[in-house]
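# Structure at a glance
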Amino acid sequence: MHTALSAQRGPALLIGSDCPVLTSALLARCVRALNAHDLVMLPAEDGGYALIGGHRLPARLFTDMAWGGSEVAAQTLARARELGLRVACPGTVWDLDTPRDLERWRMLDAAT
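The paragraphs below set out a description of the structure included in this document. On a predicted model such as this, the values are computed, not experimentally measured, just so you know.

Moving on, we come to the nonpolar core. In this structure, Leu 39, Met 41, Tyr 49, Ile 52, Leu 57, Leu 61 and Phe 62 are the most contacted members of the largest nonpolar core, which totals 15 residues. The set of elements that each furnish at least two residues to this core consists of strand E2 (39-43), strand E3 (49-54) and helix H3 (72-82). With four residues, H3 is the largest single contributor of residues to this core. Those residues within four positions of Leu 39 in sequence are excluded, and the remaining contacts are Leu 34, Ile 52, Gly 53, Gly 54, Leu 57, Leu 61, Ala 80, Arg 86, Val 87 and Ala 88. One finds Leu 42, Ala 88, Val 93 and Trp 94 within the second-largest nonpolar core, a separate group that totals 14 residues.

What follows concerns helix H2 (residues 24-33). Listing the buried residues of H2 in full gives Leu 26, Cys 30 and Ala 33. With its buried residues spanning 60° around the axis, H2 presents them on a single face. When the buried face of H2 is taken as reference, the exposed residues oriented beyond 90 degrees from it are Ser 24 and Arg 32.

Conventions used here
- Residues numbered from 1 in each chain as written.
- Predicted model: local features only at pLDDT ≥ 70, side-chain atom pairs only at ≥ 80, totals over all residues.
- Heavy atoms only, no water.
- Core = buried A, V, L, I, M, F, W, Y, C linked by side-chain atoms within 4.5 Å.
- Buried < 20%, exposed > 50% of the residue type's maximum accessible area, 1.4 Å probe, protein only.
- Helix = DSSP H or I, 4+ residues; strand = E, 2+ residues; numbered from the N terminus.
- Contact = heavy atoms within 4.5 Å.
- Arc of directions from axis to C-beta.

If you want it as structure tokens, here you go:
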């Protein structure tokens, strides 16, 4: 993640491909949040996150994390505080990890 974000000239967002509730309005809120913050993140209900982005984020933000675990969002936020980063979390989302999540998505899709 650090490699992808640091390759950009300006602020950048990394977006998970398994989050059907990311809307253009929510993405716009994340972009606007970067005007006043170093880091923007959308924590997921399962303890991960579906989006992270920022301005020249330090590699330390991404090292020695419990990737794939239910604590990675909390660990990332704690690390960001340790690094003195200004953080915005414009919302909480859910993603598709289990059959139950798939059914939730189907119900959401049927309602629209």
